[in-house]
Amino acid sequence: MTTPQSAAVLQAAGAAPRPLRARFIATMLAFGALAAVVCLTAPLVGTTSINLGRAFDRSIPFQDNVDAQIFFVARLPRVVAGALVGAALAVAGVVFQALLRNPLATPFTLGVSAGASLGAMSVIIFGGFAAVGPLSPVPIASLLGAGAAAALVYVLATSPGRVMSTTVLLLAGVTLNAFLSALILFAQYLADFAEVYRASRWLMGDLDVGGFDPILAALPLLVGAFVGFATLPSSLNLLSVGTDLAASRGVDVARTQRWAFVSASLATSAAVAVAGPIGFVGIIVPHLVRLLVGADHRVLLPASALFGAAFLVVCDLAARTLMAPVEIPVGVVTALIGGPFFLWLLVRHA
Amino acid sequence: MSLTGHRLSYSYHRRRAQPVLAIHDVSVAVATGSLTGLLGPNGCGKTTLLRLLSGVERPTSGTVILDGRDITGFGRRPLARRIAVVPQETHPAFDYSVLDMVLMGRHPHLGAFEFEGPEDHRVAREALEATNTWHLADRPFSALSGGEKQRVVIASALAQEADILLLDEPTASLDLGAQLDIAALLQTLHRERAVTMVMATHDLNFAASVCDTLVLMKAGRVLGNGPTGNVMTAAYVRELYGVDVDVLFDERAGHLMVVGSRRAR
């Protein structure tokens, strides 16, 4: 029933069927190139200029090779951590926004980071257990706290074999956030100055992981989360349109919601355990990428992972160079960019 | 009989002391190619019945049978290739384009990691043309009017290439012109494509104009059913809604017309 008039409008609008596969490949190449360039450049930039030739010169003993030490111990792990944490938080944001059908959701909305923070602070303030192998107590405690918070919200919002109530999820998450924040304040009240200082520094987020061990320890969790994410994209499209509609189109809604919740919580927990609760990455990146590539989760999800990696590495680069030799906490940098951006989004949605 | 609900019951809050019975012992038979209207007051169980028939919800007791087979044995995607649903209102959380929305109807035809191919685009285009929305293909769904949105959602259901369409109050909250567009569209689908349709509605004249069969529900039970001409009577309307009406045959419109509604005393 295409009228000549509407056909003309069509041509003007360029509504020829877009081959999504081609768009997907082009997007991956562009965002992949961006992430690669950022991650390869970032370790070369810093307050101390280093000689790359010397850094890779194996003839100089490592303990005498300052360039190699800066490159391989100070900067490279930091960039890798930034990329992984950025990717994890960005995708967790995308997934939580689709799961909750709410564009203003973040990876921290459901209380995962508050649980992690309480866990980490308990160890910082009250002490606790010794390191387990390469894992130090603070990340382990934050992981346990995050897991406990996620499990609690999950149990509250699900009943067996039925779809999750997004309202219950949101209310439970928001309440848990407030409750845990009170406990965090109480823990700070009981602590001395040095402990409070350490704890509040942890809350600001820090990618200075000081080597590859913390990254390797978190890697299995991140890999697990991303395997979970890989099963989700087309189902998330339909889920974000409506749960009943999704179910009638052949989506296993209850299973998709479970995978989405577990994977995103796992990614968030691992990211927070590595670098502390770095805010705003999980909301800015999904929205920016959605503006750039559209809302189709098959493109949005991987593009957000790549863009999130690049974004956090750049923020961390700014954090360690802008006010050198003083370092700005990376969580402050992302918040300074993210706060105004979030408000702009709110106004735009209203 | 293509789609049958056999002695369906469904209750909410099953784990509480007093479950809320939404529908009770309802049996319906939807003939292949028919356009069946589901009438009844608010809360009578129309939406619940549609959810059970579509397989989105499992009945507390009873079975839904599609071509002689219990639909619980179909699997989600195969079932979605047979039965499509048009909800009362659709509010995507994100800004999908009209074409995106219609392509999502292809979900049950695609593998988990598959992108839509030329065939899917052909089907989507046909569905958009059938609903007279092809000119909107590139527009954001959220920017459409209520009537356009409803036509696009119907297009999306058509792209599913199911032979049964379940619609929940497709004209609620639409203006008169948009209501007539939907009525004409459903009639075209009914006559030219022989799509089997079940449609819940509150609009008696709309039902009289398009439906060949009616199922009347009250308080979770079936009050009556049969050909529109037999069931669309003043007595039934009074029993359903507590409203006195006159049911006339409108020569110009070519169907029954419910007029002069007033609260029954």
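Residues numbered from 1 in each chain as written. Chains lettered and ligands numbered in written order. Predicted model: local features only at pLDDT ≥ 70, side-chain atom pairs only at ≥ 80, totals over all residues.

**What to know about the overall build of chain B**
We apply this condition: Where helices and strands are cited, they refer to DSSP runs of H or I of at least four residues and of E of at least two residues respectively, numbered from the N terminus. Two things to know: the radius of gyration comes from C-alpha atoms, and the globule rule equals 2.2 Å times the number of residues to the power 0.38. In this scheme the burial state of a residue depends on its C-beta neighbours within 10 Å: 20 or more other such atoms mean buried, 12 or fewer mean exposed, and anything in between means partly exposed; the C-beta positions come from the backbone. Think of it this way: build a C-beta for each residue from its backbone, and any pair within 7 Å is a contact.
For chain B, the count of helices and strands is nine helices and 12 strands. In summary, chain B has a C-alpha radius of gyration of 19 Å against a globular reference of 18 Å for 265 residues, a match within 12%. For the C-alpha atoms alone, the extent of chain B along its principal axes is close to 60 × 50 × 35 Å. When the 265 residues of chain B are sorted by exposure, 46% land in the buried category. In chain B, 64% of the contacts between residues at least 6 apart in sequence involve partners at least 24 apart.

**So, the interface of chain A and chain B**
Here is the rule we go by: Gly is placed with the polar residues, together with every amino acid not listed as nonpolar (Ala, Val, Leu, Ile, Met, Phe, Trp, Tyr, Cys and Pro) or charged (Asp, Glu, Lys and Arg).
Contacts between the two partners involve 33 residues from chain A, matched on the other side by 30 residues from chain B. Elements with a contribution of two residues or more to the side of chain A that touches chain B: helix 1 (4–13), helix 2 (20–41), helix 10 (233–241) and helix 11 (243–248) of chain A. Top contributing element to the side of chain A that touches chain B by residue count: helix 10 of chain A, with five residues. For the side of chain A that touches chain B, a count of residues per class yields 16 nonpolar, 10 polar and seven charged.

**Things to note about the pairing of strand 11 (residues 243–250) of chain B**
All names here are of chain B. Worth spelling out the cut-off: We call two strands paired when DSSP finds no fewer than two bridges between them.
Pairing of strand 11 with strand 12 (residues 255–263), which is carried by seven bridges, proceeds in the antiparallel orientation. The residue of strand 12 that forms the bridge with Asp244 is Arg262. In this antiparallel pair of consecutive strands, strand 11 and strand 12, the connection spans four residues, and Gly254 shows a positive phi of 80°.

**Comments concerning the domain arrangement of chain B**
Residues and elements named next belong to chain B. Note the threshold: Domain boundaries shown here were taken from an automatic or database domain assignment.
Examined at the domain level, chain B breaks down into domain 1 (3–82 + 162–263) and domain 2 (88–161). Relative placement of domain 1 and domain 2: their C-alpha centres are 24 Å apart. Listed by contribution, the elements that provide at least two residues to the side of domain 1 that touches domain 2 are helix 2 (76–80), strand 7 (164–168) and helix 6 (176–192). Ranked by the residues each element gives to the side of domain 1 that touches domain 2, the list is headed by helix 6, at four residues. Grouping the amino acids of the side of domain 1 that touches domain 2 by side-chain chemistry returns nine nonpolar, one polar and six charged.

**Some thoughts on the confidence of the model for chain B**
Our working definition: For every residue, the predictor states its confidence as a pLDDT score lying anywhere from 0 to 100.
When pLDDT is averaged along chain B, the result is 91, and 97% of the positions lie at 70 or above. For this predicted complex, the interface score ipTM comes out at 0.90, alongside a pTM of 0.89.

**Examining the sheet that holds strand 1 (residues 3–12) of chain B**
All names here are of chain B. The cut-off we apply is this: Fitted lines through C-alpha atoms give the axes, limited to the stretch in contact for helices. The angle between two N-to-C directions lies from 0 to 180 degrees.
Spatially, the four strands line up as an open sheet ordered 2-1-4-5, and their pairing is antiparallel. At either margin of the open sheet sits one strand with a lone partner, and together these are strand 2 (20–30) and strand 5 (69–70). The sheet strands contacting helix 1 (residues 46–54) are strand 1, strand 2 and strand 4 (61–66), and the helix crosses strand 1 at an angle near 120°.

**Here we look at unusual backbone geometry**
Of note, Phe280(A) is a non-glycine position whose phi angle comes to about 75°, a positive value. Looking at where Phe280(A) falls in the secondary structure, it is placed in the loop between helix 12 (253–275) and helix 13 (281–293). Located in the positive-phi region is Ser173(B), a residue other than glycine, with phi close to 65°. Mapping Ser173(B) onto the fold places it in the loop between strand 7 and helix 6. According to the C-beta neighbour criterion, Ser173(B) is exposed, with 12 such atoms within 10 Å.

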